[in-house]
Amino acid sequence: MPHPLLAALLLFHPVATEDGPLPTPADLWAWRNWTWELSITLPLAIGLAWYLIGAIRRGDTSRLLWRHIAFLASWASLCVALVSPLHRLGDALFSAHMLQHEILVLIAAPLLAAAHPAVTFLYGFSSQQRPTVGKAVAAIERHKFVTILMSPLVAWLGHAAALWLWHIPALYQATLSSDAVHSLQHLSFFITSLIFWSALYGAGRSLMSYGAAVFYVFGTAVHSGALGALLTFSTVLWYPLYAGRTAVWGLTPLEDQQLGGLIMWVPSGVVFIVVGLVLFARWLKASNDRLEHSTLLGAHRTSKPVLDETTG
């Protein structure tokens, strides 16, 4: 099956940072604070249209309804993060930028991974093109590099590395003054998160056992929570570029940083803990099912000789 990561390339793209005055509370929802750059809106529009065409051709809508809902919710969350004024607000407030990242990492990426949209995208091609495209994607998926990239440990390490490296002050502040660096930051957050969630869901060839999934989820909750706590309790301003931008919003730069830390710490921690508990419950159920199966199999083997003697 084609991997969801390949389908994601139809939805995600470089981020445009618009010039002009920063948004204020009075004009936040003004037209100029929405991001209408074609580098963002066009791929989103093409991705949605392509998916809808594929969904119509694929049919069986009732069975796939929850996947379609997951895809559409992921698409909508990308619009909120990249098109709505939240994107421009991230240039004025660190906390808004953090919220944007959390939407990409904790909403858009896991929903897209859960939707498993690659097959539906494949149906967007003509019936004559599908076999060729499907074989090409399958070959890419089987490539050694992709197999390693999608392994649970590498997926977890990549997600963690992107999170911590991009919060190094020099790298983070570079995103506020360079479109290219800003694009790279958002792409790395989204792609590494998509790989992580895809491995977690057992998509493609990276099937992760429930036990390993629980470990990686709680591990992610711990390290992301630690970074959020550092930002929250720090008395040093990590990103001085925000120093002259937060006053109009009634926040000191340090308060803005602490709010951003809380956004990373609390909501993300809750999401990971809930997911971890769900996976833990499934792990227990799977273990119980295996135990019941082994018990029934053992009982069948024990009773078989008795039945043979009786019928003999």
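Residues numbered from 1 in each chain as written. Predicted model: local features only at pLDDT ≥ 70, side-chain atom pairs only at ≥ 80, totals over all residues. Heavy atoms only, no water.

## Concerning the packing of helix H9 (residues 152-165) against helix H12 (residues 210-233)
Interaxial distance between H9 and H12 falls to 11 Å at its minimum, and their mutual angle equals 10 degrees. Taken together, H9 and H12 sit at an angle that is classed as roughly parallel. Packed against H9, whose contacting residues are Pro152, Leu153, Trp156, His159, Ala160, Leu163 and Trp164, the element H12 presents Tyr216, Gly219, Thr220, His223, Ser224, Ala226, Leu227 and Leu230 at the interface. By residue class, the composition of the contact of H9 with H12 is 10 nonpolar, 5 polar and no charged. (Axes fitted to C-alpha atoms, helices over the stretch in contact; angles between N-to-C directions. Helix = DSSP H or I, 4+ residues; strand = E, 2+ residues; numbered from the N terminus. Parallel < 35°, antiparallel > 145°, perpendicular 65-115°, else oblique. Contact = heavy atoms within 4.5 Å. Nonpolar A, V, L, I, M, F, W, Y, C, P; charged D, E, K, R; others polar.)

## Topic: a nonpolar patch on the surface
Taken together, Phe233, Leu259, Leu262, Trp265, Val266, Val270, Val274 and Val278 make up a surface patch of nonpolar side chains, about 690 Å² in accessible area. Per-element accounting of the nonpolar patch gives the leading share, 7 residues, to helix H13 (residues 253-311). Relative to the assigned elements, Phe233 resides in helix H12. You can call Phe233 exposed: its relative accessible area is 59%. (Patch = residues over 30% accessible without salt bridge, like charges linked within 9 Å, V, L, I, M, F, W, Y side chains within 5 Å. Areas by Shrake-Rupley, 256 points an atom, 1.4 Å probe, with all protein chains shown as cover. Salt bridge = Lys/Arg side-chain N within 4 Å of Asp/Glu carboxyl O. Buried < 20%, exposed > 50% of the residue type's maximum accessible area, 1.4 Å probe, protein only.)

## Considerations on helix H3 (residues 65-82)
Across its 18 residues, H3 extends 26 Å between first and last C-alpha, which sits within 8% of the 26 Å expected from 1.5 Å per residue. Its buried side turned inward, H3 meets helix H2 (38-58), helix H4 (86-89), helix H5 (94-115), helix H6 (118-122) and helix H11 (179-200). (Expected span 1.5 Å × (residues − 1).)

## Describing unusual backbone geometry
At His116, a residue that is not glycine, the phi angle is positive and equals roughly 45 degrees. As for its placement among the helices and strands, His116 is situated in the loop between H5 and H6.

## Looking at the confidence of the model for the chain
Averaged over the chain, the pLDDT score is 85; the fraction of residues at 70 or greater is 84%. By mean pLDDT, the top-scoring element of the chain is H3 (95), and the lowest-scoring one is helix H1 (residues 4-8) (50). A low-confidence stretch, residues 13-18 (pLDDT under 50), is modelled with 31 contacts involving residues beyond four sequence positions or located in other chains. Residue range residues 203-207 is modelled with pLDDT below 50. Its contacts to residues more than four positions away, or to other chains, number 13 contacts. (pLDDT = per-residue confidence, 0-100.)

## Quick look at the nonpolar core
It is characteristic of soluble globular proteins that their nonpolar side chains tend to be buried jointly. Counting 56 residues, the largest nonpolar core has Phe190 and Trp197 as its most contacted members. Listing elements by their share of this core, those giving two or more residues are H2, H3, H4, H5, H9, H11, H12 and H13. A total of 12 residues in this core trace back to one element, the largest contributor, which is H5. Once residues lying within four places of it in the same chain are set aside, the contact partners of Trp197 are Val105, Leu106, Ala109, Pro110, Ala113, Phe272 and Val275. (Core = buried A, V, L, I, M, F, W, Y, C linked by side-chain atoms within 4.5 Å.)

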